[in-house]
Amino acid sequence: MEPILTLDTVSYRYEDTWAIQGVRLEVGARELVGILGPNGSGKSTLLKIMGGLLKPESGAVLYAGRPVAAFKRRELAQKIAFVAQEHAFRFSFSVLEVVLMGRSPHLKRLQFESERDLEIALQALRTVDAERLAARSIHELSGGEKQRVLIARALAQDPEIILLDEPTAFLDIKYKMEIFELISSLVRDKQVSVVAVTHDIDLAALYCNRLVILENGRLFSAGTPAEVVTSEGISAAYDCRVLVDRNPATGAPRVSLVGRAGRCTGGPACGKAPSTAY
Amino acid sequence: MILHRRVTPGKVVFISMVMTGILAGAILFSLWLGTADIPFSALCRTLLGESTGGTTELIVLKVRLPRVLLAGLVGFALSLGGAVFQALLRNPLAEPFILGVSSGAALGAIIGIMLGFSFQFGIPAFSFAGALVTILLVLLLGTRRMGMESSTILLTGVIINAFFTAVIMFFVSTSTDSRLHTMLFWLYGDLSQSHFGQSALIAPVVILAAVVLYGFGRDLNLMTLGDEAACHMGVDVERTKIHCFLLVSLMTGLVVSLSGLIGFVGLIVPHLARMAFGPDHRLLIPVSAIGGAVLLIVCDTFARWVVSPSELPVGVVTAFLGAPFFMILLRTRGSQWNRS
Amino acid sequence: MLSSRSLFIGLFILVAFMARPASAGAFRDALGRTVTLDGPPRRIVSLAPSITEILYFLGLGERVAGVTQYSTYPPAALGKPKVGSYVNLNIERIISLAPDLVIATVDGNSRSVIETLEAAGIQVFTTNPRNLFEALDTIALLGQVCGATRDGAAAAEALKVRAEDVAEKVRGLPRPKVFVQINLRPIMTVNRDTFLNDLITLAGGSNPFSEEPFAYPRISLEEVIRQRPDVILVSSMDRGGRFEEARREWLRLEDIPAARNGRVHLIDSDLVDRPSPRIVDGLEEAARFIHPEIPWERP
């Protein structure tokens, strides 16, 4: 199947530091791809490169075979939607107005939103189960509600691929679940692909089709959750000892923290033997 | 059926028409009130072209009318500029003077006054030249490889304002008595002795700029979400910033060269408009612009009336609006300033 | 034994003493202080342009040791050492010129400067003429204080005659309304506490704003139109271009009598707002504008 988004040996640097080096990645249709990695590994940067916001020093970013740089901004926005990690709403737009903004890439300069655009926006709100919030001011919403509204906005863009930068960052476990459920259902039912940068290894392992771990700007590992989420893999990437086993309820990989220098309390399921005594 | 707020073309047209009606009322009111008592009927007849006797005609057509029109034009431009800058800089405290164009214009005018140029053409020309120089400076100093970052450009504005203000203070402190009065009067913002000719010259440019800026309405909505977010939704952020900055600065430079520094209008009116009609710029822009015209006409009328037969510079009246406005803002929306 | 010859010599000496300029002695200044001088002051510092003019008028030019920055008349004064502007005096400079008399104005020079100079042991004589005739009296008085020749008093007297002549010629005539504009933007005029107003009155005109509470009130354009002045006098230090512009502005407003009849004139502010000898020139010029129907003799 033709990948929607291709990163071919992409490298990027800020000033003198190489934030991304030689990353190859493909995202196909109807895939939920999770990007994991420690802080500072370049996950957000990678996502921005995928979204066309940052231009790589070397390598190519292709959308359906065409270089992203060849697209006009508006055109690209009709294909790729981006939901950032933090949102500052300086002015109090209503929820509906925010979601309607997602229709902008499809409108000409002086064109106003039509009935059809309105319907698309409402439908997007329905999909994220936030239709009842439509008339509220965006400032009044809780973190979880805001996140859903922004995903609705991304949906309203009618894109082929949605990029999410830590969508569950400030949410409690219930909302974390909800968000992952939501994006998983989007991939299933709405025929979009989603790439999500996240720290929630368990949830990513549970919901994503594929996972990628970034470490120090390089691709550390890539593959199915089972392949990527292993004790050795996670411990090495995050530089912290973990134990990975199976979640008895879901069958997905489950990550448990063990401690920095491998202070294991014993038991056969322990990982490697402690290297040095403290 | 969900009750929701959104801006439609119908809404924009309707509200604009209502505001224009209010503007017409304000104009009539301002023409009627003044040092000389002119009965309303005489006013109407004069405006309709009938001859009503020397003094009335003279005062209404040659003294008050040009002044009211200029007040409207200046209020229009400054409020529109304020709304756009508040979006561009994502800062509710922004107004068209924040980037220094006004102090450049002021310095130009001060120099023109010192060199003895005429009030009708020389001084406005110098003032506008000062504004242009400042625009260039801001572009040179405030933009980088990455383009116009709002924090950088705000700082640039502060620096330019500080420098030009220092130079102005120097000139004011070393000037002689009669020049001093003239300089201070200009700096406080004054609309007396306005001319049709001047307003007629700049009005088309201001209106044209306003129309172009209206076209950026939706983009400005998106820009309030942040450069990156706007970019991801298809806005050419750099182009939008530069074009809007140039258009607003041009408008501001033009009106300031005729009116002096009339502060607070560009700050207050967009806020009031937003409180009444919401933050969507496709409605905010016309409401701010027309509302600004109304406000300044009313302020100027008050300036003419309150110490009659003398008159206050209108900038003094608008300055008095500042503190109570911020008070209200703080009380009603204090919590929102802290939201991220 | 008194011979007629010794009597004659004695009389001669006595007369010679009496004929000496009466500049030794005590003089009361405008602040009621007494200034005592032993002889004619040889180094005089003037703290106002008008005083500089008076000193030169009295023939005391060589004895002037220092003048203010804007003492531009007569041209000879331009070469004298400067002591700052009359609102912003440089005390050190004044003291360093070692004057034996400093002449100041009550209205204009600051009291603290006067007091500081006196504390430094320098004699300060203050003047405060409030109208034209008081200005002429001041000229005569300064002539006495500084030991000018008797020409001083005579010259002051001649000026008085000219002024009275003007007042006489306009006596009984109807007084046209004269709007005096001393600043273009904002429009400023004068009230009755000013020299200009005194001149207008003496020259046979009437100032519609004489009862305003402030000396230099700002007036709106509408109000000026409402008053319908017969003559507009623009007294401004800005000559040339700005006056032409101001004139055009006024002439546009055809409903005002002054505009209709083209009676908008520029008057040199140096002639009309300084209590100096030239104020009489100013008076005559104003009178020519206000009452052109009188056959004035051209100077």
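None of the values given here were measured: they were computed from a predicted structure.

## So, the domain arrangement of chain C
All names here are of chain C.
- By domain assignment, chain C separates into domain 1 (4-128) and domain 2 (174-290).
- At the junction of the two partners, domain 1 supplies eight residues and domain 2 supplies five residues.
- Overall, the association of domain 1 and domain 2 removes approximately 590 Å² of surface from exposure, summing both partners, and the carbon and sulfur fraction of that is 58%.
- Of all residues in domain 1, Ser 50, Glu 53 and Tyr 73 give up the largest surface area on contact with domain 2, accounting jointly for 61% of the area buried on that side.

## Here's the deal with the interface of chain B and chain C
- Contact with chain B, which involves 31 residues of that partner, is made by 27 residues of chain C.
- Buried area between chain B and chain C, both sides added, is near 2,800 Å², and the carbon and sulfur share of it is 52%.
- Lys62(B) serves as the salt-bridge partner of Glu254(C), at 4.0 Å between the closest nitrogen and oxygen.
- There are 11 residue pairs in polar contact (both at pLDDT 80 or more) connecting chain B and chain C.
- Where the side of chain B that touches chain C is concerned, the elements lending two or more residues are α3 (54-88), α4 (101-114) and α7 (177-187) of chain B.
- Counting residues per element, the side of chain B that touches chain C draws most heavily on α3(B), which supplies seven residues.

## Considering the environment of Pro225(A)
Residue and element names in this part refer to chain A.
- Mapped onto the elements of the fold, Pro 225 is located in helix α8 (residues 225-228).
- Taking the relative accessible area as the measure of exposure, Pro 225 reaches 9% and is therefore buried.
- In this structure, the C-alpha to C-alpha distance between Pro 225 and Arg 109, residues 116 residues apart in sequence, is 44 Å.

## Thoughts on the interface of chain B and chain A
- Taken together, the contacts link 38 residues of chain B with 40 residues of chain A.
- Per-residue buried area on chain B facing chain A is highest for Arg6(B), Arg218(B) and His232(B); these three make up 21% of the total on that side.
- At the boundary of chain B with chain A, the tally comes to four salt bridges.
- Residue Arg282(B) pairs with Glu113(A) through a salt bridge whose shortest N-O separation is 3.2 Å.
- For the side of chain B that touches chain A, the elements supplying multiple residues, two or more each, are α1 (9-32), α3, α8 (196-215), α9 (217-223), α10 (227-232) and α14 (314-337) of chain B.
- Of the residues belonging to the side of chain B that touches chain A, the class tally is 15 nonpolar, 11 polar and 12 charged.

## Describing the pairing of strand β1 (residues 25-28) of chain C
Residues and elements named next belong to chain C.
- Sheet topology note: the β1/strand β2 (residues 34-37) ladder contains four bridges and is antiparallel. Following the sheet pairing, Gly 25 is matched in β2 by Leu 37.
- Counting the residues that bridge the hairpin from β1 to β2 gives five residues, and of these Gly 32 lies at a positive phi of roughly 80°.

## Considering the sheet that holds strand β7 (residues 101-105) of chain C
Residue and element names in this part refer to chain C.
- Read across the open sheet, the four strands follow the order β4-β3-β7-β8; overall the sheet is parallel. Of all the strands in the sheet, just β4 (64-66) and β8 (124-127) have a single pairing partner and so form its edges. Put simply, the sheet's adjacent strands are angled 35° from each other on average, direction ignored.
- With three bridges joining them, strand β3 (residues 44-46) and β7 adopt parallel strand pairing. Within β7, the position partnered with Val 45 by the bridge is Val 102.

Parameters and conventions
Residues numbered from 1 in each chain as written. Chains lettered and ligands numbered in written order. Predicted model: local features only at pLDDT ≥ 70, side-chain atom pairs only at ≥ 80, totals over all residues. Heavy atoms only, no water. Domains from an automatic or database assignment. Contact = heavy atoms within 4.5 Å. Buried area = accessible area lost by both parts, 1.4 Å probe. Salt bridge = Lys/Arg side-chain N within 4 Å of Asp/Glu carboxyl O. Polar contact = N/O pair within 3.5 Å; in protein donor to acceptor, adjacent residues only side chain to side chain. Helix = DSSP H or I, 4+ residues; strand = E, 2+ residues; numbered from the N terminus. Buried < 20%, exposed > 50% of the residue type's maximum accessible area, 1.4 Å probe, protein only. Nonpolar A, V, L, I, M, F, W, Y, C, P; charged D, E, K, R; others polar. Pairing = 2+ DSSP bridges. Axes fitted to C-alpha atoms, helices over the stretch in contact; angles between N-to-C directions.

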